[in-house]
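So the chains spell out like this:
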Amino acid sequence: TPVFPDEPRVRRRAALAAVSLLLLAPQLRASDDALLPAVDDLQALSAQSARAGIPIIVLFSTPGCPFCQEARQNYLAPRHAEQQRRSKPEYLLREVDITSRRSVGAIDGRALTEAQLADRYGIHFAPVLMAFDSRWRPLGEPLVGLDRAGFYESYVERLISYRVVDGLPLIA
């Protein structure tokens, strides 16, 4: 077996690195979550969508999901940042944790948690990207999973292009 002259020092450094990672993990996760705003108030979001005449795009995700993180970081967070810079955004982009019991407000007078909101639309795994009108009616088909063959970008583009005209979904 190889003998390291400073073996105790190497072990101390490795232990220190491991402890540092454990201490930083919650902060790293928190910054990862901060890339997309959470759905906080369904009614306020509905009102904002109705006033602007734009759809609400929701990423349904789970904590620690690598596919959710990839969709969020590579496809959705850049779009959210772009929409934030616009004087008139084309859509509202939010995120829902399908495992969370955090209250997000009410639809049709019924108070919902994030998990109940996901359940309302039959979402039981993640990632799922879905477009809604201002009354929380789905626009088109949800985008389920993450495509690694290179088509995900075009699928996202199609989904975010949904608009509502006379109460009917329309692809712009």
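Each residue is numbered by its place in its chain's sequence as written, counting from 1. Totals for whole chains, interfaces and linings use all residues, but because this is a predicted model, local features are given only for residues with pLDDT of at least 70 and pairs of side-chain atoms are given and counted only at 80 or more. Excluded from the side-chain calculations are hydrogens and water; all other atoms, namely the structure's heavy atoms, are used.

**Examining unusual backbone geometry**
(1) Moving on: Residue Pro127 is bonded to the preceding Ala126 through a cis peptide linkage, with omega at 0 degrees.
(2) Moving on: Each helix is a run of DSSP H or I of at least 4 residues and each strand a run of E of at least 2, with the numbering of both proceeding from the N terminus. Counting through the fold element by element, Pro127 comes out in the loop between helix H4 (114-120) and strand E5 (128-132).
(3) Moving on: Positive phi, normally seen in glycine, also occurs at Asp108, with a value near 55 degrees.
(4) Moving on: Following the sequence through the fold, Asp108 ends up in the loop between strand E3 (103-107) and strand E4 (110-113).
(5) Moving on: Burial classes: relative accessible area under 20% of the type maximum marks a residue as buried, over 50% as exposed, and values in between as partly exposed (1.4 Å probe, protein chains only). Using a relative accessible area of 71% as the deciding quantity, one classes Asp108 as exposed.
(6) Moving on: Phi at Trp136 is positive, roughly 65 degrees, even though this residue is not glycine.

**Regarding the nonpolar core**
(1) Moving on: Remark: nonpolar core denotes a set of buried residues (Ala, Val, Leu, Ile, Met, Phe, Trp, Tyr, Cys) joined through side-chain atoms within 4.5 Å. Counting 24 residues, the largest nonpolar core has Leu42, Phe60, Leu117, Tyr121, Ile123, Phe132 and Trp136 as its most contacted members.
(2) Moving on: Sorting the residues of this core by element identifies helix H2 (42-52), strand E1 (56-61), strand E2 (92-97), E3, H4 and E5 as the ones contributing at least two each.
(3) Moving on: For this analysis, residues touch if any pair of their heavy atoms sits within 4.5 Å. With near-sequence residues (within four places) excluded, Ile123 lies in contact with Phe60, Ile98, Ala118, Val128 and Met130.
(4) Moving on: In this structure, Leu93, Val156, Ile160 and Tyr162 belong to the second largest nonpolar core, which totals 18 residues.

**Points about the pattern of salt bridges**
Once the charged atoms of two side chains with opposite charge are near each other, the side chains can pair.
(1) Moving on: Salt bridge, as applied in this entry: a Lys or Arg side-chain nitrogen positioned within 4 Å of an Asp or Glu carboxyl oxygen. Within the structure shown, the criterion is met by nine salt bridges.
(2) Moving on: Between Glu157 and Arg79 there is a salt bridge, with the nearest N and O atoms lying 2.5 Å from each other. Of this pair, Glu157 sits in helix H5 (residues 152-160) while Arg79 sits in helix H3 (residues 66-85); the two residues are 78 residues apart in sequence, bridging distant segments of the chain.
(3) Moving on: By relative accessible area, Arg79 is classed as buried at 7%.
(4) Moving on: Among the ionic pairs, Arg86 bridges to Glu90, the shortest N-O distance being 3.3 Å.
(5) Moving on: The class for Glu90 is partly exposed, based on a relative accessible area of 32%.
(6) Moving on: Through salt bridges with shared partners, one network takes in Asp40, Arg102 and Glu114.

**So, the confidence of the model for the protein chain**
(1) Moving on: A residue's pLDDT is simply how confident the predictor is in it, with values from 0 to 100. Residue-level pLDDT values for the protein chain average 81, and 74% of them are 70 or greater.
(2) Moving on: The least confident element of the protein chain, judged by mean pLDDT, is helix H1 (residues 7-33) at 48; the most confident is H4 at 97.
(3) Moving on: Within the model, pLDDT remains below 50 along residues 18-34, and this stretch shows seven contacts once partners closer than five positions in the same chain are excluded.

**Let's talk about the packing of H3 against H5**
(1) Moving on: Interaxial angle, 0 to 180 degrees, is taken between N-to-C directions of lines fitted to C-alpha atoms, where a helix line uses only the stretch in contact. In contact at an axis separation of 12 Å, H3 and H5 are set at 40 degrees when each is read in the N-to-C sense. By the angle between their directions, the pair H3 and H5 is classed as oblique. Between H3 and H5 lies a crossing of right-handed hand. Residues Ala71, Tyr75, Leu76 and Arg79 of H3 form the contact with H5, whose own contacting residues are Tyr152, Glu153, Val156, Glu157 and Ile160.
(2) Moving on: Think of it as three bins: nonpolar holds Ala, Val, Leu, Ile, Met, Phe, Trp, Tyr, Cys and Pro, charged holds Asp, Glu, Lys and Arg, and polar takes everything else, Gly as well. Looking at side-chain class alone, the contact of H3 with H5 contains six nonpolar, no polar and three charged residues. Each angle is binned into one of four classes, with values under 35 degrees roughly parallel, values over 145 roughly antiparallel, values of 65 to 115 roughly perpendicular, and all other values oblique. Handedness of each helix crossing follows the sense of rotation of the near helix against the far helix: counterclockwise by less than a right angle gives left-handed, clockwise gives right-handed.

**Here's the deal with the pairing of E3**
(1) Moving on: As paired strands, E3 and E4 are joined by four bridges and run antiparallel to one another. Looking across to E4, one finds that Ala106 is bridged to Ala111.
(2) Moving on: Here E3 folds back onto E4, and the loop between the two strands holds two residues, one of which, Asp108, carries a positive phi near 55 degrees. Any two strands with at least two DSSP-identified bridges between them are counted as paired.

**What about the environment of Arg120?**
(1) Moving on: The topology assignment puts Arg120 in helix H4.
(2) Moving on: Judged by its relative accessible area of 34%, Arg120 is partly exposed.
(3) Moving on: In this structure Arg120 touches Ile107, Asp108 and Leu112, once residues within four positions along its chain are discounted.
(4) Moving on: Polar contact is the term for a pair of N or O atoms within 3.5 Å; when the atoms are in protein, one must be able to donate a hydrogen and the other to accept it, and sequence-neighboring residues count only if both atoms are side-chain atoms. Side-chain polar atoms of Arg120 contact the side chain of Tyr121, separated by 3.5 Å.

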